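# Remarks on the overall topology
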Amino acid sequence: MAKPILIVGGGPAGLAAAHSLATFGQACILVDKEDRLGGAPILEGYAKLVPSGEWAKDAIGGMVDRVAEHELVDVRKETKVTEFSGEAGDFTAVLSSGDSVGVSAAILCTGFSHFDSANKPEWGFGTFPDVVTTSQVEQMISSGQGVRCPSDGRKPQRVAILLCVGSRDRQIGREWCSKICCTVSANMAMEIREELPDCHVYIYYMDIRTYGLYETKYYWKSQEEFKVKYIKARIAEVTSDGEKLIVKGEDTLVKRPITIPFDLVVHAIGMDPNVDNPDISAIFGVDLETHGYIDKASSYSATGLTNKNGVFVAGAAIGPETIDDSIAQGKAAAMAVLEQRQLAARLVS
Ligand SMILES: Cc1cc2nc3c(=O)[nH]c(=O)nc-3n(C[C@H](O)[C@H](O)[C@H](O)COP(=O)(O)OP(=O)(O)OC[C@H]3O[C@@H](n4cnc5c(N)ncnc54)[C@H](O)[C@@H]3O)c2cc1C
Ligand code: SF4
């Protein structure tokens with residue numbers, strides 16, 4: 001039987017890769033540094049996902065179950081790869097548990113890190129308890145608690161969602177668009193209005209990037225059916241008058257300063273490169289691209305390839321990605337591994 005394939009990271013991309021390979025009869029070793037599989041949607045407690053509308057715990061939880069129960073997938077939680085040597089078809093990986101395993105290829109599905117809003121102190125996070133992140137609101141909704149002001153547990157009457165926090169911001173070295181936060185925020189605004197119909201929800205934006213079919217389902221629907229208000233603005237700061245949070249900035253359409261009071265301010269945080277990427281790069285010998293994500297081949301005929309023969313990459317490890325795209329890339333990387341082995345076998349015979 002062919003040597004197992006190592007998959008690093010058990011989020012949507014890694015789970016999809018493991019399931020595809022196991023379905024084709026290929027054994028895999030799936031390692032994840034956390035004590036639970038599922039990646040960001042499970043670890044961060046996301047609520048209903050876009051665009052499917054399914055609860056993360058059901059949709060991604062189902063992917064976890066089918067992989068964890070598969071006899072061809074050897075799951076190693078709370079484990080990292082500390083050394084990786086050899087060549088395509090014959091690698092040795094040393095795991096943090098102390099084991100050495102022989103594998104024929106590796107797929108890096110190590111995902112991203114959430115932007116730490118403390119890096120944007122002028123927008124109030126860390127100073128005012130009622131300034132929170134989209135992840136925190138997802139957790140409020142998924143836990144069943146509902147959207148509340150952390151300071152005193154009251155239901156907010158006015159909520160501001162600030163887009164592009166930790167994305168498209170050259171001043172703090174984050175030039176990229178995180179792709180999904182406009183859509184996630186529009187969806188969150190509708191969820192808040194559904195739960196708290198008297199609550200006014202404002203979205204502060206530079207541009208709206210509810211791309212493709214999301215424009216109708218999220219951007220227009222949130223305004224037309226849910227009366228969410230959009231303000232094109234440049235935000236200066238988030239302060240407090242002792243009672244309310246005050247969002248100050250400039251309305252860039254009418255070119256006038258605006259100062260609006262809120263009960264709850266939500267940072268739509270972006271997707272940073274995984275903080276582990278420098279280590280992953282050194283251990284696996286893969287290049288990082290200019291922003292710090294794992295570099296992948298850009299050719300259409302080489303999906304999922306890195307600069308290192310036999311080491312593949314998928315999902316948000318290569319840049320901000322949606323769950324759909326991460327799953328598709330996980331499957332594509334699994335197929336690329338099998339294709340490469342098939343081609344190598346033909347050359348030998
Ligand atoms: C607030 C927010 C809400 C979002 N909501 C949606 C949504 O509704 N719909 C949508 O399509 N997308 C959404 N996204 C994007 C979504 O989170 C990503 O598309 C998805 O998580 C990417 O999956 P992944 O498997 O590539 O990476 P991840 O989910 O990041 O999983 C990576 C896995 O690798 C593991 N890992 C990392 N480093 C190592 C290491 N060194 N060794 C071992 N294991 C490691 C991690 O523990 C993790 O389990 C949202 C993003 C944010 C920030
Ligand atoms: S998806 Fe929207 S909120 Fe997210 S970085 Fe891009 S423009 Fe900003």
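Coordinates for the structure precede this section.
All of the points below concern the structure found in this document. (Residues numbered from 1 in each chain as written. Chains lettered and ligands numbered in written order. Predicted model: local features only at pLDDT ≥ 70, side-chain atom pairs only at ≥ 80, totals over all residues.)

### Observations regarding the site of ligand 1
Definition in use: Working rule for contacts: place C-beta from the backbone, and if it is within 6 Å of a molecule or strand, that residue counts as near it. Comment: elements are numbered from the N terminus, with helices defined as DSSP H or I runs of at least four residues and strands as E runs of at least two. Basically, the charged four are Asp, Glu, Lys and Arg, the nonpolar ten are Ala, Val, Leu, Ile, Met, Phe, Trp, Tyr, Cys and Pro, and anything else, Gly included, counts as polar. Delimitation of the domains relies on an automatic or database domain assignment.
Around ligand 1 sit 41 residues in total, of which Gly9, Gly11, Gly39, Gly111 and Gly315 are the nearest. If you list the elements that add at least two residues to the shell around ligand 1, you get α1 (12-23), α2 (39-43), β8 (112-114), α4 (134-142) and α8 (323-348). Residues of the shell around ligand 1, tallied by class, amount to 19 nonpolar, 14 polar and 8 charged. In terms of domain composition, the shell around ligand 1 takes at least three residues from each of domain 1 (5-111 + 274-348) and domain 2 (117-270).

### Regarding the nonpolar core
The line we're drawing: Working definition: the nonpolar core is a set of buried Ala, Val, Leu, Ile, Met, Phe, Trp, Tyr and Cys residues, joined through C-beta atoms within 7 Å. Think of it as a crowd count around each C-beta: if 20 or more other C-beta atoms lie within 10 Å the residue is buried, if 12 or fewer it is exposed, and in between it is partly exposed, with C-beta placed from the backbone throughout. In this description, any two residues whose backbone-derived C-beta atoms lie within 7 Å of each other are considered to be in contact.
Ranked by size, the top nonpolar core spans 101 residues in total, and within it Ala17, Ala106, Ile107, Leu108, Ile161 and Leu162 carry the most contacts. Residues lining this core come from more than one domain, with at least three contributed by each of domain 1 (5-111 + 274-348) and domain 2 (117-270). Ignoring any residue separated from it by four or fewer positions in sequence, one finds Ala17 in contact with Ile7, Ile107, Cys109, Ala314, Gly330, Lys331, Ala333 and Ala334.

### Some words on helix α6 (residues 214-224)
Using the following cut-off: Directions are taken from the helix axis to each C-beta atom, and the arc is the one they span.
If you check which residues of α6 are buried, you get Tyr214, Tyr218, Tyr219 and Ser222. The buried residues of α6 occupy one face: seen down the axis, they fall within an arc of 80°. Facing away from the buried surface of α6 by more than 90 degrees, the exposed residues are Thr216 and Glu224. Elements in contact with the buried residues of α6: α5 (181-195).

### Thoughts on the sheet that holds strand β7 (residues 105-108)
Put simply, the test is: Here, a strand pair is defined by DSSP locating no fewer than two bridges between the strands. Angles shown run from 0 to 180 degrees and are taken between the N-to-C directions of axes, each axis being a line fitted to C-alpha atoms and, for helices, limited to the stretch in contact.
Here we have 5 strands laid out as an open sheet, ordered β3-β2-β1-β7-β17, and parallel in their pairing. This sheet does not close on itself; its edge strands, each paired only once, are β3 (73-76) and β17 (311-313). Recorded for the sheet is a direction-independent mean angle of 20° between the axes of neighbouring strands. Across the face of the sheet, α8 comes into contact with β1 (5-8), β7 and β17 while running at roughly 160° to β17.

### Quick look at the packing of α5 against α6
The line we're drawing: If an angle is under 35 degrees, it is roughly parallel; if it is over 145, roughly antiparallel; if it lies from 65 to 115, roughly perpendicular; otherwise it is oblique. For any helix crossing, the convention is left-handed if the near helix is rotated counterclockwise from the far helix by under a right angle, and right-handed if that rotation is clockwise.
Look at α5 against α6: their axes get within 9 Å of each other, and the N-to-C directions meet at 45°. Taken together, the axes of α5 and α6 are oblique relative to one another. Where α5 crosses over α6, the two elements pack in a sense that is left-handed. Of the residues in α6, those touching α5 at Thr183, Ala186, Asn187, Ala189 and Met190 are Tyr214, Tyr218, Tyr219 and Ser222. Tallied by class, the residues present in the contact of α5 with α6 amount to 6 nonpolar, 3 polar and no charged.

### Details of the site of ligand 2
Residues in contact with ligand 2 amount to 13 residues; listed here are only the nearest, Cys164, Ser167, Cys177, Cys181 and Cys182. At the level of secondary structure, the elements contributing two or more residues to the shell around ligand 2 comprise β10 (158-165) and α5. When the residues that make up the shell around ligand 2 are grouped by side-chain class, the tally is 6 nonpolar, 3 polar and 4 charged.

### As for the sheet that holds β10
Paired through their backbone hydrogen bonds, the strands of a sheet run either parallel or antiparallel. Sheet architecture is open: 7 strands sit in the order β9-β15-β10-β11-β12-β13-β14, paired in mixed fashion. Looking at strand neighbours, the two that pair on one side only are β9 (131-133) and β14 (256-262), the edges of this open sheet. Looking at each pair of strands side by side, their axes are set apart by 40° on average, direction ignored. In terms of strand pairing, β10 meets strand β11 (residues 200-205) through 5 bridges, oriented parallel. Its bridge partner lying in β11, Leu162 is registered against Tyr204. Most of the contacts of α5 go to β10, to which it runs at about 170°, and overall it touches β10, β11 and β15 (264-269).

### Let's talk about α8
To keep things clear, this is the line we draw: A helix is expected to reach a length of 1.5 Å times the quantity of its residues less one.
Along its 26 residues, α8 runs 38 Å from first to last C-alpha, staying within 8% of the 38 Å computed at 1.5 Å per residue. Among the residues making up α8, those that are buried are Ile323, Ser326, Ile327, Gln329, Gly330, Ala333, Ala334, Ala336, Val337 and Gln340. In this fold, the buried residues of α8 make contact with β1, α1, α2, β7 and β17.

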